Amino acid sequence: MFPVGLPLIVFFGIYLLTSINILREYERGVIFRLGRMLPHPKGPGIILVFRPIDSITRISLRQEAMEVPPQDIITRDNVTLKVNAVITLRVIDPNRAVVQVSNYLYQTSLFAQTTLRSVLGEVELDELLAHRDKLNARIQSILDTHTDPWGVKVTNVEVKQVDLPESMLRAMAKQAEAEREKRAKIIHAEGEFSAAQRLSEAAHVLATEPISMQLRYLQTLTEIGVEKNTTVVFPVPIDIIAGLAKLIDRAAPK
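None of the values given here were measured: they were computed from a predicted structure.

(A) Representation of the nonpolar core in the model. Counting residues in each nonpolar core, the largest one holds 35 residues, and the members touching the most others are Leu81, Val83, Ile87, Tyr104 and Leu116. Going through the elements one at a time, strand S2 (27-33), strand S6 (64-74), strand S7 (80-91), helix H2 (94-99), helix H3 (104-120), helix H4 (125-130), helix H5 (132-147) and strand S8 (152-163) are the ones with two or more residues in this core. The biggest single contributor to this core is S7, with six residues. Aside from chain neighbours lying at most four places away, what touches isoleucine 87 is Glu64, Ala65, Met66, Val68, Ala112, Leu143, Val154, Asn156 and Val157.

Structure (C-alpha cells):
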C-alpha cells in the first residue's frame, strides 16, 4: 500500500532544495520576510530563502567603476568645455543600499553629473588644468556626503578628459610660445649682463697691472700661430700710440 506521507516528504525535500541559495564571497543577500527586512544581510556561502515568505536581493560588495558622460561646462573665466570623469564606488551597507535608494548606481551617476558641473564651473581654466587633484578630492567629498546615507562609499573620482575648443587651443599655444620667447630673452639679457660684468672686472685688472696686457698680446700671437695663418694681425697697444703722439708733439717746431 502506498504510504500517505511520502508525497509530503518528497514535496518538503524539493521545497528545501529550491530554498537553497549560494552566495559568492563578494555577495550579500538582503532578506525580506513578510515584507520586513531582516536586520543583518546573509552570506557568503549557503543560505536558505523560504519562498514565498522570504524574498532576497543580491548586492555585490566589489568596487565598481562608473563613467560620467561628457558635461558641457562654462568655467568662471567664461571658457566652454566638455569634461567627463570616472567614479569608483562600493557598497558598505547592503541593507541601506537596498532600502534607502531604488538604484544607487543611477542616482550616483546623476549626482556626479550635477556635482561635476557645479564644482568645475566655479574655477578658472588654469586652475582646472593645474590643480586637478584638488578638484577631484572636492568632488569626491561632495559625492560621498550624498551617498553615505545609502550605504555607498565613493572611493575615488578622476576627471578623465577635458576637451577644449579649437580657438582656445590656438590661444594657449600662442601663450606658451610667447612665454618661451620671454624666458629666452631674459636668459639672453642675463648672459649679456654677466659678460659685461666680467669684461669690466677684466678691464680693471688690466688697468692695475700693465704687464698683463703684454702677456695677453703674447698669448694672442701664440694662438694665431697654432692656426697656421699666412697673415698675422698684431694688435698695437693704445698707450704706445699715445706715447708716439706725445713725442711727435714735442719734436714739432713751435
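Anyway, onward from the coordinates.
(B) Local environment of unusual backbone geometry. Residue proline 44 is bonded to the preceding glycine 43 through a cis peptide linkage, with omega at 0°. Looking at the secondary structure, you find proline 44 in the loop between strand S3 (36-37) and strand S4 (45-48). Here leucine 34, not a glycine, exhibits a phi torsion of approximately 55°, which is positive. According to the relative accessible area criterion, leucine 34 is exposed, its value standing at 71%. Positive phi, normally seen in glycine, also occurs at asparagine 78, with a value near 60°.

(C) Structural detail: the sheet that holds S6. If you trace the three strands from one edge of the open sheet to the other, you get S6-S7-S8, paired in antiparallel fashion. Single-partner strands in this sheet number two, and they are S6 and S8. Between one strand and the next, the sheet's axes are offset by a mean angle of 25°, whatever the strand orientation. Note that S7 and S8 share ten bridges and pair antiparallel. The partner of leucine 89 across the bridge, within S8, is valine 154.

(D) Spotlight on the sheet that holds S2. If you trace the three strands from one edge of the open sheet to the other, you get S3-S2-S5, paired in antiparallel fashion. What marks the edges here is a single partner per strand, and that holds for S3 and strand S5 (54-60). Here S2 pairs with S3 via two bridges, running antiparallel. Bridge assignment links phenylalanine 32 to a residue of S3, and that residue is methionine 37.

(E) The packing of aromatic side chains, seen in detail. In total, this model carries two aromatic pairs according to the counting rule given. Considering the side-chain rings of tyrosine 15 and phenylalanine 50, the 6.4 Å spacing of their centres and the 25° angle between planes classify their relative orientation as stacked. Pair noted here: tyrosine 15 is in helix H1 (residues 6-19) and phenylalanine 50 is in the loop between S4 and S5, with a separation of 35 residues, a long-range link. The exposure class of tyrosine 15 is partly exposed, given its relative accessible area of 26%. Centre to centre, the rings of phenylalanine 111 and tryptophan 150 are 5.7 Å apart; their planes meet at 40°, and the pair counts as tilted. Of the two residues, phenylalanine 111 is situated in helix H3 and tryptophan 150 in the loop between H5 and S8; the sequence distance between them amounts to 39 residues.

(F) Quick peek at a nonpolar patch on the surface. On the surface, Leu17, Ile20, Ile22, Ile46 and Leu48 cluster together into a nonpolar patch covering about 520 Å² of accessible area. Listing elements by their share of the nonpolar patch, those giving two or more residues are strand S1 (20-23) and S4. Looking at where isoleucine 22 falls in the secondary structure, it is placed in strand S1. The class for isoleucine 22 is exposed, based on a relative accessible area of 58%.

(G) H5, seen in detail. An ideal rise of 1.5 Å per residue puts 22 Å on 16 residues; H5 measures up with 22 Å between its terminal C-alpha atoms. Every buried residue of H5 is accounted for by Leu135, Asn136, Ile139, Leu143, Asp144 and Thr147. Looking straight down H5, one finds its buried side chains confined to an arc of 165°; they lie on one side. Facing away from the buried surface of H5 by more than 90 degrees, the exposed residues are Lys134 and Thr145.

(H) Here's a closer look at the pattern of salt bridges. This structure, assessed with the given rule, holds ten salt bridges. Among the salt bridges present, the one from aspartate 93 reaches arginine 96, with a minimum N-O distance of 3.0 Å. Bridged by salt links that share partners, the residues Arg24, Glu27 and Arg58 form one connected network.

(I) Spotlight on the environment of leucine 16. As for its position among the elements, leucine 16 is in helix H1. Along the primary structure leucine 16 and valine 49 are separated by 33 residues, whereas in three dimensions their C-alpha atoms are 9.0 Å apart.

What counts and what doesn't
Residues numbered from 1 in each chain as written. Predicted model: local features only at pLDDT ≥ 70, side-chain atom pairs only at ≥ 80, totals over all residues. Heavy atoms only, no water. Core = buried A, V, L, I, M, F, W, Y, C linked by side-chain atoms within 4.5 Å. Buried < 20%, exposed > 50% of the residue type's maximum accessible area, 1.4 Å probe, protein only. Helix = DSSP H or I, 4+ residues; strand = E, 2+ residues; numbered from the N terminus. Contact = heavy atoms within 4.5 Å. Pairing = 2+ DSSP bridges. Axes fitted to C-alpha atoms, helices over the stretch in contact; angles between N-to-C directions. Phe/Tyr/Trp six-rings, centres within 6.5 Å; stacked < 30°, edge-to-face > 60°. Patch = residues over 30% accessible without salt bridge, like charges linked within 9 Å, V, L, I, M, F, W, Y side chains within 5 Å. Areas by Shrake-Rupley, 256 points an atom, 1.4 Å probe, with all protein chains shown as cover. Salt bridge = Lys/Arg side-chain N within 4 Å of Asp/Glu carboxyl O. Expected span 1.5 Å × (residues − 1). Arc of directions from axis to C-beta.

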